[in-house]
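So the chains spell out like this:
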Amino acid sequence: MSTPSRARRILILAAAVAATAVTAAVGVSPAAQADGGSDGTKLVVTVIDSSASPTGTATPTATGSPTATGGATSTASSTSEPTPTATGGPGPRNDLGGLLYVSGLSWVYHPSINPFGGALELRFSVRNVYTKAVDASARFWVTQLFGGTVGQSVDVAVTGLKPGESRTVSAVIDGVALWGLVVGHLTFTPPPTLGGTALAPVNRDVLAWFLSWPFLGGVGGAGGIFLWWLLVVRRGLRPGALFGARP
Amino acid sequence: MTAPARRLPAVVENGAPPAPRAPRPLKPPRRPPRAAAAPPPPTPRQLLLRSSLALLAVVLFGVLADLIVLSQLQHTIAQQELRATLAEELAAGTAPVSEGTVDNVLLSDGDPVARIEIPAIGVNEIVVEGTSSGALAKGPGHRRDTVLPGQAGVSVLMGRAAAYGGPFGRIQELPPGEAISVITGQGEQLYRVLGVRYAGESTPAVSGTRLVLETARGPAYMPTGVVRVDAELVSPAQPAGARLTTNATLSPQDRELASDTSTVWGLVFALQFLIAAELAAVYSLRRFGWAKTWVVFAPVLLLGGLLVADQAIRLLPNLI
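Residues numbered from 1 in each chain as written. Chains lettered and ligands numbered in written order. Predicted model: local features only at pLDDT ≥ 70, side-chain atom pairs only at ≥ 80, totals over all residues. Heavy atoms only, no water.

Chemist: Before we go on, may I ask you to explain unusual backbone geometry in this structure?
Modeler: If a residue is not glycine, its phi is most likely negative; likewise, a peptide bond is most likely trans. Residues and elements named next belong to chain B. Residue Tyr164 is not a glycine yet carries a positive backbone phi of 50 degrees. Position of Tyr164 among the secondary structure elements: in the loop between strand 4 (154-158) and strand 5 (179-184). Judged by its relative accessible area of 3%, Tyr164 falls in the buried class. Positive phi, close to 60 degrees, is recorded for Leu257, a residue that is not glycine. Tracing the sequence through the fold places Leu257 in the loop between strand 8 (225-233) and helix 3 (264-288). Given the relative accessible area of 21%, Leu257 is considered partly exposed. (Helix = DSSP H or I, 4+ residues; strand = E, 2+ residues; numbered from the N terminus. Buried < 20%, exposed > 50% of the residue type's maximum accessible area, 1.4 Å probe, protein only.)

Chemist: I keep staring at the pattern of salt bridges and nothing clicks. Help me out?
Modeler: A side chain with one charge may pair with a side chain of the opposite charge, provided their charged atoms come close. Residue and element names in this part refer to chain B. One pass over the structure, following the stated rule, counts 18 salt bridges over all chains. Taking the shortest distance from any N to any O, the salt bridge between Asp230 and Arg210 comes out at 2.8 Å. Of this pair, Asp230 sits in strand 8 while Arg210 sits in strand 7 (residues 210-217), placing them 20 residues apart in sequence. Assessed through its relative accessible area of 2%, Asp230 is described here as buried. (Salt bridge = Lys/Arg side-chain N within 4 Å of Asp/Glu carboxyl O.)

Chemist: Just checking my understanding: could you explain the environment of Val108 of chain A for this structure?
Modeler: Residues and elements named next belong to chain A. Position of Val108 among the secondary structure elements: in strand 2 (residues 106-110). For Val108 and Gly221, which are 113 residues apart along the polypeptide, the C-alpha to C-alpha distance reads 28 Å. Non-local contacts of Val108, meaning those with residues more than four positions away in its chain, are made with Ala119, Leu120, Glu121 and Arg123. (Contact = heavy atoms within 4.5 Å.)

Right, here's the structure in full:
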């Protein structure tokens, strides 16, 4: 007799908790949407420029190429870029002075049958916006996730980069096939000064992943163990039956 | 010596074959087999521990499934809806050109404001207003304290690197000089990539209108910092519309790598729902058995886990 009554009490308690949650959710939702819902908050009129009008006078076409007549009729106050947050840590001062622009690193893996082979190709682009030709250098290297260096680092000279020229620089680092997850690094070293502006090296890095031999071996071994467990241990087959041996 | 007489096989009368030999009866075991010991019933403490671990497993599974798999689907659906909305607004000439709509109502987080195309890395996304974690789940977000792309000044667009489609996951690969196109209510704005910038590097010395793309740097789902791509405007600059939000008044959850705690109440209620469903499932298991409980409560617990996961993901950094 006590079990049904206890079970009934548990059911009532669970229903009460669920009803509370649903009721609270339904009741709170409109309030929560009041400041973030689709209707939004009424725009307080704070006109930056008296001739600026955010009334949307643009006349775009339906093809997605609207006519650029502008939604405001005058230039409002210029917005400065927000101060970058210190998300990457203070770090050393890296600066190309706005005279050279460097892209990020991209990678391509060249697989090899040799378990100790495999090559990782790293590349980046650099553009010279200075008025004279520039000589610089780039150093590529690869580390595994624990920080140890993989393979040999490669130094590449970037010479005679003409004004306005963009150049793609690449390097191939061998012997990465044992590691399925590596980090490629680049240090681009500009000339110390350019037109009186002091420059400093900049760093780039990228995470590269590929199917490594240890990973494939581990997956194959795990699959074999699972198959053995499924057929021999769980289904009680004789070990020889897996390989066609006669009784 | 005479050969021994060969024993002839027994011949059954009427020529019928001999009957098969009856199997030998099994001998009784010398010792009776030990009876399997029945497991003792779990104590209330063990039951509580089992239920708690099951609940934790459901939540963790929901978070991982939502973050890695379902978030991509949610992003695709959101982009389809946003694309239709923006196309209608562009056709009607009502696409936003400031922080407000044509009705002078402040844009909400997640409202479409532009379309960005970067052919070199296959980006074709609708940009939404706001950069909180919830807004960036829909697509790249426009930071509220900056001008819209194409307008005079510096415009900042933030996007996720891995979850929810990871629209900005490959912006580091953009070489200098690559083209970026942004369509807003003021027409098509054309940019040319300047370069990539990490924290600590100075901003480009470009005196014109600029676009900054921002996303997380480092392994997927484990950000180590912010990477920025600068691009300069090569088409005519458009006049900027009014903005209420400034750098000083920008909400903390709209900044880089910030988490959104404004909807923690949703997480609380989702957890309550999940716990209630768990209690009901335990009761049903004792009362009705495995089969009926599985049919009824598996979808409910899955839904609860996904609700919790969806809210929990908002607490993660907004750029992952």
